[in-house]
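This is what each chain is made of:
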Amino acid sequence: MCGSPCTPNRIWSWLVHHFPPHPTDFGLSEDATLFMHSQWSIPQPVFIAYRAFLACYTFAWLIMSIVNAGQTTGLGGFFVFLTNWTYILLSFYLVISCISTSYASYRTRQCPSDGNLNKAEAAPIRQPGSNDNYPQSSSPDSESSGSVPEDISPQTTPTRLPFYFKITWVLLNVCLAFGPIISIIYWAFIFDPEFVYANQGGAYGVALTVHRHAFNTIFVYLDLAVSASPITFWHFVYPVGYGLLYMFFSLVYYWAGGTNPYIDSPAIYPSLLDWTNPGKTIGAVIAFAVVAIVFHSVAYGCYRLRMCVAGRFDMLTRAQLQARTLRNETHAGPGEEENQSTVVV
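Residues numbered from 1 in each chain as written. Predicted model: local features only at pLDDT ≥ 70, side-chain atom pairs only at ≥ 80, totals over all residues. Heavy atoms only, no water.

1. Regarding the overall build of the protein chain
The line we're drawing: Each helix corresponds to a stretch of at least 4 residues labelled H or I by DSSP, and each strand to a stretch of at least 2 residues labelled E; elements are numbered beginning at the N terminus. Relative accessibility under 20% of the residue-type maximum defines a buried residue, over 50% an exposed one, and the middle range a partly exposed one, all with a 1.4 Å probe and only protein chains included. Note on definitions: a residue-residue contact is assigned when non-hydrogen atoms from the two residues lie within 4.5 Å. In these tables, accessible area is a Shrake-Rupley quantity obtained with a 1.4 Å probe, and a residue counts as shielded only by the protein chains included in the view.
On a plain count of helices and strands, the protein chain comes out with 10 helices and zero strands. Reading the helices (α) and strands (β) of the protein chain from amino to carboxyl end gives α-α-α-α-α-α-α-α-α-α. Evaluated residue by residue, the protein chain yields a buried proportion of 47% over its 345 residues. If you take every contact in the protein chain between residues at least 6 apart in sequence, the share linking residues at least 24 apart comes to 81%. In the form shown here, the protein chain has an accessible surface area of approximately 16200 Å², with 68% of it arising from carbon and sulfur atoms.

Now the structure itself:
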């Protein structure tokens, strides 16, 4: 929460209105404009160029990693590891987000009232170089109090999020949770510079390793900081589901007689994911699910921090202001009804 004290009454009100979660909390319904613009006052062509650079850069390193794997451990071995799964998803996320942002921006310019892009026409769309999406405060204290301009009214009609933005939203949630998990585990417990240098192509292999195990986290959190994409706490189901999918793959891989491409072992990750010891592995699966929820919560906290900073500098988009006003009206606790329009949740 930002802009209002976290009193016990407000905390209790939040818990009452968010637990248990409603099935729609796990859905993918949101204002489409949040996925096609930056959180900050960045011209749209610059934002698209930024996304194009990240997409091309990451995808190029993915191709180089696949080619290098084909020349060292074998092409099939590349697709066994969770690290490479997640880097592939990150590359797809950046490429799809770049294409979808460009396409949605083009359609918005050509057909501003196109209902297929966003059903709720009450949410104006920022034009490149325009500051219309960042309403100015009428007084120095207006933002700190969370006041909303008179022309900002909460949306009552749900938006129809295009399928390509739904895909990017799911991929973003997965990468935000698993990027830091992979980075921390690899650099803390697995990385062996001599082994990487000897088995993955020398210094070139080391550079590829750094990109897959460090830049993966940097890039996805950079995009979270720059873009206006929302993060919802209950969307932890997507990274957890992704983790369970990989665990199921590892089990099938073990049953099929697959082995670690680097060592003669039936376990992809001998110390963590070894189905020759099912009890320990099931415990690791449960632990990974909990860790995924924890790191998704970290990503959600970073999103709330971004929203707080944007609010302080009058850079909340109209869609965010509308959603904030609607939340205030819906979640206001006893005694808060009179002040709900001035509370930031």
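2. Focus: the side chain of His 235
Note the cut-off: Throughout this description, a polar contact denotes any pair of N or O atoms lying within 3.5 Å of each other; where both atoms belong to protein, one of them has to be capable of donating a hydrogen while the other can accept it, and for residues adjacent in sequence the pair is counted only when both atoms sit in side chains.
Here His 235 shows up in the loop between helix H7 (202-226) and helix H8 (237-255). Among the polar contacts listed, one links the side chain of His 235 to the backbone oxygen of Gly 27, at a separation of 2.7 Å. Contacts of His 235, omitting those with residues within four sequence positions, involve Asp 25, Phe 26, Gly 27, Leu 28, Trp 169, Asn 173 and His 296.

3. Brief notes about unusual backbone geometry
In this structure, Asp 314 is a non-glycine residue whose phi angle is positive, near 55 degrees. Here Asp 314 is to be found in the loop between helix H9 (278-312) and helix H10 (318-331).

4. Remarks on the environment of Ala 104
With respect to the element layout, Ala 104 can be found in helix H4 (residues 82-110). As for Ala 104 and Met 36, which are separated by 68 residues in sequence, their C-alpha atoms are 6.9 Å apart.

5. Some thoughts on the nonpolar core
Soluble globular proteins: nonpolar side chains tend toward being buried together. Under the convention used in this document: Nonpolar core, defined: a set of buried Ala, Val, Leu, Ile, Met, Phe, Trp, Tyr and Cys residues in which side-chain atoms within 4.5 Å join the residues together.
Grouped together as the largest cluster of nonpolar side chains are 56 residues, with contacts concentrated most on Leu 82, Leu 90, Leu 176, Phe 178, Val 220, Ile 268 and Tyr 269. For this core, the secondary structure elements donating two or more residues are helix H2 (44-71), H4, helix H5 (163-190), H7, H8 and H9. At nine residues, H5 tops the list of elements feeding residues into this core. Every residue in contact with Phe 178, bar those within four places of it in the chain, is listed here: Leu 82, Thr 86, Pro 239, Tyr 242, Gly 243 and Ala 292.

6. So, the packing of aromatic side chains
Between two aromatic rings, the relevant description is the distance of the centres plus the angle of the planes. Quick note on the threshold: For Phe, Tyr and Trp, where Trp contributes only its six-membered ring, two rings pair if their centres lie within 6.5 Å, and the inter-plane angle classes them as stacked under 30 degrees, edge-to-face over 60, or tilted in between.
Applying the stated criterion to the full structure yields 29 aromatic pairs. Between the aromatic rings of Tyr 186 and Trp 187, the centroid separation amounts to 5.2 Å while the plane-to-plane angle is 85 degrees, which identifies the pairing as edge-to-face.

7. Observations regarding empty space enclosed by the protein
Our working definition: Using a 1 Å grid laid over the protein atoms alone, points where a 1.4 Å probe fits but cannot get out form a cavity; open sets with protein on both sides within 12 Å along at least 5 of 7 lines form a pocket; any residue with an atom within 4 Å of a point counts as lining. Grid points are joined across faces, edges and corners, and a volume is the space filled by probe spheres set on the points. All amino acids are sorted into three groups, where Ala, Val, Leu, Ile, Met, Phe, Trp, Tyr, Cys and Pro are nonpolar, Asp, Glu, Lys and Arg are charged, and the leftover types, Gly among them, are polar.
Under the counting rule described, the total for this entry stands at three cavities of 30 Å³ or more. Reported here for the second largest cavity is a volume of approximately 50 Å³. Contributing to the lining of the second largest cavity are Phe 178, Pro 239, Val 240, Gly 243, Leu 244, Met 247, Val 285, Phe 288, Ala 289 and Ala 292. Elements supplying a minimum of two residues to the lining of the second largest cavity: H8 and H9. Here the element with the most residues in the lining of the second largest cavity is H8; it accounts for five residues. Split into classes, the residues belonging to the lining of the second largest cavity amount to nine nonpolar, one polar and no charged.

8. Comments concerning the state of the cysteines
To keep things clear, this is the line we draw: Only a pair of cysteine sulfur atoms within 2.5 Å qualifies as a disulfide here.
In this structure the tally under the stated criterion is zero disulfides. With no disulfide of its own, Cys 56 has Cys 98 as its nearest cysteine by sulfur position, at a separation of 6.8 Å.

9. Some details on a nonpolar patch on the surface
The following threshold applies: Like-charged residues are merged into a patch within 9 Å and nonpolar side chains (Val, Leu, Ile, Met, Phe, Trp, Tyr) within 5 Å, provided each residue has over 30% relative accessible area and no salt bridge. By salt bridge we mean one thing: a side-chain nitrogen of Lys or Arg within 4 Å of a carboxyl oxygen of Asp or Glu.
There is a patch of nonpolar side chains on the surface, built from Ile 282, Ile 286, Val 290, Val 294 and Val 298 and spanning about 430 Å² of accessible area. Tracing the backbone shows Ile 282 in helix H9.

10. Observations concerning the packing of H2 against H7
Inclusion rule: Each axis is a line fitted through C-alpha atoms, taken for helices only over the stretch in contact, and angles between the N-to-C directions span 0 to 180 degrees. Any angle from 65 to 115 degrees is called roughly perpendicular, while one under 35 is roughly parallel, one over 145 is roughly antiparallel, and all others are oblique. Here a crossing is called left-handed whenever its near helix is offset anticlockwise from the far helix by less than a right angle, and right-handed whenever the offset is clockwise.
Contact pair H2 / H7: the axes reach a minimum separation of 10 Å and the direction vectors enclose 155 degrees. With respect to their mutual orientation, H2 and H7 come out roughly antiparallel. Handedness of the H2/H7 crossing: left-handed. On H7, the residues that touch Phe 47, Tyr 50, Arg 51, Leu 54, Tyr 57, Thr 58, Trp 61, Met 64, Ser 65 and Asn 68 of H2 are Tyr 204, Ala 207, Leu 208, His 211, Arg 212, Phe 219, Leu 222, Asp 223 and Val 226. Partitioned by chemical class, the residues of the contact of H2 with H7 number 12 nonpolar, four polar and three charged.

11. Here we look at the UniProt feature "transmembrane region" (unreviewed entry) in the protein chain
Test applied: UniProt positions are given in the numbering used here, feature names are shortened, and annotations may be inferred rather than shown by experiment.
Look at the UniProt record and you will see "transmembrane region" (unreviewed entry) annotated at residues 48-69, 75-99, 170-190, 202-224, 236-256 and 282-303. With 88% helix and 0% strand, residues 75-99 has its two end C-alpha atoms placed 28 Å apart. The span residues 282-303 carries 100% helix and 0% strand; its end-to-end C-alpha distance comes to 32 Å.

12. Some details on the layout of surface pockets
Estimated volume of the second largest pocket: approximately 750 Å³. If you go around the second largest pocket, you meet 37 residues; those closest to its centre are Phe 81, Tyr 186, Ile 190, Ile 268 and Tyr 269. Listing elements by their share of the lining of the second largest pocket, those giving two or more residues are H2, helix H3 (75-78), H4, H5, helix H6 (193-199), H7 and H8. Sorting elements by how many residues they give to the lining of the second largest pocket places H5 first, with six residues. Grouping the constituent residues of the lining of the second largest pocket by class yields 23 nonpolar, 12 polar and two charged.

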